[in-house]
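Spelled out from the first residue to the last, the chains are:
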Amino acid sequence: MKILLSGGGTGGHIYPALALMNRIKEKYPDSEFLYVGTERGLESTIVRKAGVPFESVEIQGLRRSLSLENVKTVYLMLKSIADSKKIIKNFQPDVVIGTGGYVCAPVLYAASRLGVPAIIHEQNSVAGVTNKFLSRFVGKICICFEDARKDFEQYEEKIVYTGNPRAQEVAAITEGASLAEYQLKDGIPTVLIFGGSRGAAKLNESFVEAYNLFKGKPYQVMLVTGETHFEKVSKQIASLGQSLANIRVLPYVYEMPKLFKSTALIVSRSGATTLTEVMALGLPSILIPSPYVTNNHQQKNAESLVKNGAAEMILEKELHAKSLFKAIDSLMLNDTARKEMAFQAKRMGITDASDRIIQVILDVIK
Ligand SMILES: CC(=O)N[C@H]1[C@@H](OP(=O)(O)OP(=O)(O)OC[C@H]2O[C@@H](n3ccc(=O)[nH]c3=O)[C@H](O)[C@@H]2O)O[C@H](CO)[C@@H](O)[C@@H]1O
């Protein structure tokens, strides 16, 4: 089977595609893959690092205001469709799968024009703009939240509830990362704080302000700042005048699910793929939805866990050093509450999503 994958911008669109690819490889070792993304998105690093053949097209998002940039956007859109057609004709895939992010628009549109079966995967409870646009042109629409159905209601017959492939991959992990590899101690409860795949400035700032409060605590803290914020945060922490042995600050972690498995509490944005992983592993979490996303979908994602007792939520407008520290400290000192949240999170997870999507692939290429 030859499969062309596309999806990008942020990790939440990329990791599900790679997880699906890994599962297809397991079941069909002769399969061939090609990933199409942009050079600017995180996919150009993550996908290449994973050793997957990668080609790029150039494209940019539309500005909301009238501007010359939009002329360039239209030009790039037409060019990227033509480039995608060339890539597809060369690779000759049996199916093209898009996991979101604007790069999928030219790639999957081109596939449909060439008569190649195409599938989109929507990770969120509210569909992204690109997936809504593509819903008309693709054969199947895979969703992870029942709420997403209403965004594709004109194409109800195409919708399949599959869940997120990253859940299946993560649920199969048997061994967690060693915390010693991160210069922390194994066996001590550890909280992992990160703002999605790109980091979140307000979360980083609140953490820096709370830094000294973690002194002498019976637990460890890891902050993953996001690549672009790392230098600034490191300088701010250095200027506080003390370096605490129970705290570790990193720019990015490539083996996140393994690290998840070794942590006692997750504090993060509520991007759909992160939540999938949290549920698949059954982890307690404090969620801080990004208010800067389409239709506030991260808050809806978070609320689905909160209403099941699986997570706590802090809205960004209520996020500061004190609220962050208080929420972390009281959960880290309360094993029973964490266990109950973990149990509820685990109950919510779907852990055979890749197999469900493989069935969808087999149906469309019949
Ligand atoms: C700002 C924005 O548009 N965010 C969207 C984006 O988020 P974002 O890319 O942040 O997505 P998610 O939170 O869903 O996923 C992040 C992924 O990156 C991984 N990770 C993160 C940090 C790190 O250091 N290493 C690492 O591997 C996580 O384990 C996870 O697999 O896509 C999600 C899925 O469509 C959406 O729900 C989010 O709203």
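Residues numbered from 1 in each chain as written. Predicted model: local features only at pLDDT ≥ 70, side-chain atom pairs only at ≥ 80, totals over all residues. Heavy atoms only, no water.

- Among the UniProt annotations of the protein, the heading Function (unreviewed entry) holds the following wording: "Cell wall formation. Catalyzes the transfer of a GlcNAc subunit on undecaprenyl-pyrophosphoryl-MurNAc-pentapeptide (lipid intermediate I) to form undecaprenyl-pyrophosphoryl-MurNAc-(pentapeptide)GlcNAc (lipid intermediate II)." (UniProt positions renumbered as here; feature names shortened; annotations may be inferred.)

Focus on the sheet that holds strand β11 (residues 265-268)
- Strand order in this open sheet of six strands is β10-β9-β8-β11-β12-β13, and the pairing throughout is parallel. What marks the edges here is a single partner per strand, and that holds for β10 (247-250) and β13 (311-313). Recorded for the sheet is a direction-independent mean angle of 15 degrees between the axes of neighbouring strands.
- Of the strand pairs in this sheet, strand β8 (residues 190-194) and strand β9 (residues 220-224) are connected by five bridges, and their pairing is parallel. Its bridge partner lying in β9, Thr-190 is registered against Gln-220. (Pairing = 2+ DSSP bridges. Helix = DSSP H or I, 4+ residues; strand = E, 2+ residues; numbered from the N terminus. Axes fitted to C-alpha atoms, helices over the stretch in contact; angles between N-to-C directions.)

A short note on the pairing of β9
- Burial analysis of β9 places five of its five residues in the buried class, which makes it a mostly covered element.
- By the alternation rule, side chains of β9 split into Gln-220, Met-222 and Val-224 and Val-221 and Leu-223, which are all buried.
- Handedness of the crossover joining β8 and β9 through helix α7 (residues 201-210) is recorded here as right-handed.
- Alignment of β9 against β10, held across four bridges, turns out to be parallel. In the sheet register, Met-222 faces β10, and the bridge partner there is Arg-248.
- You can see the chain leave β9, run along helix α8 (residues 230-238) and come back into β10, and the turn it takes is right-handed. (Buried < 20%, exposed > 50% of the residue type's maximum accessible area, 1.4 Å probe, protein only. Right-handed = clockwise from strand over helix to strand, strands pointing away.)

As for the sheet that holds strand β5 (residues 118-122)
- If you trace the seven strands from one edge of the open sheet to the other, you get β3-β2-β1-β4-β5-β6-β7, paired in parallel fashion. The two strands at the open ends of the sheet, each matched to only one other strand, are β3 (54-56) and β7 (159-161). In this sheet, adjacent strand axes meet at a mean angle of 25 degrees when their direction is disregarded.
- In the sheet, β5 pairs with strand β6 (residues 140-143) via four bridges, with the strands oriented parallel. In the strand pairing of β6, Ile-120 is matched with Ile-141.
- Contacts from helix α4 (residues 104-113) reach β1 (2-6), β2 (32-37), β4 (95-98) and β5, with the element oriented near 155 degrees to β4. (Contact = heavy atoms within 4.5 Å.)

Considerations on the UniProt feature "domain: Glycosyl transferase family 28 C-terminal" (unreviewed entry) in the protein
- In the numbering used here, UniProt assigns the "domain: Glycosyl transferase family 28 C-terminal" (unreviewed entry) feature to residues 190-357.
- As annotated, residues 190-357 comprises 45% helix and 14% strand, and the C-alpha atoms at either end are separated by 34 Å.

Section: the domain arrangement of the protein
- Domains assigned within the protein are domain 1 (2-164 + 351-365) and domain 2 (171-348).
- Here the C-alpha centroids of domain 1 and domain 2 sit 29 Å apart.
- In total, domain 1 and domain 2 occlude about 1400 Å² of area from one another, counting both sides; carbon and sulfur atoms represent 59% of this.
- Summed over the three residues of domain 1 that lose the most area to domain 2, namely Tyr-15, Val-126 and Phe-145, the buried surface amounts to 30% of that side.
- Linking domain 1 with domain 2 are seven residue pairs in polar contact (both at pLDDT 80 or more). (Domains from an automatic or database assignment. Buried area = accessible area lost by both parts, 1.4 Å probe. Polar contact = N/O pair within 3.5 Å; in protein donor to acceptor, adjacent residues only side chain to side chain.)

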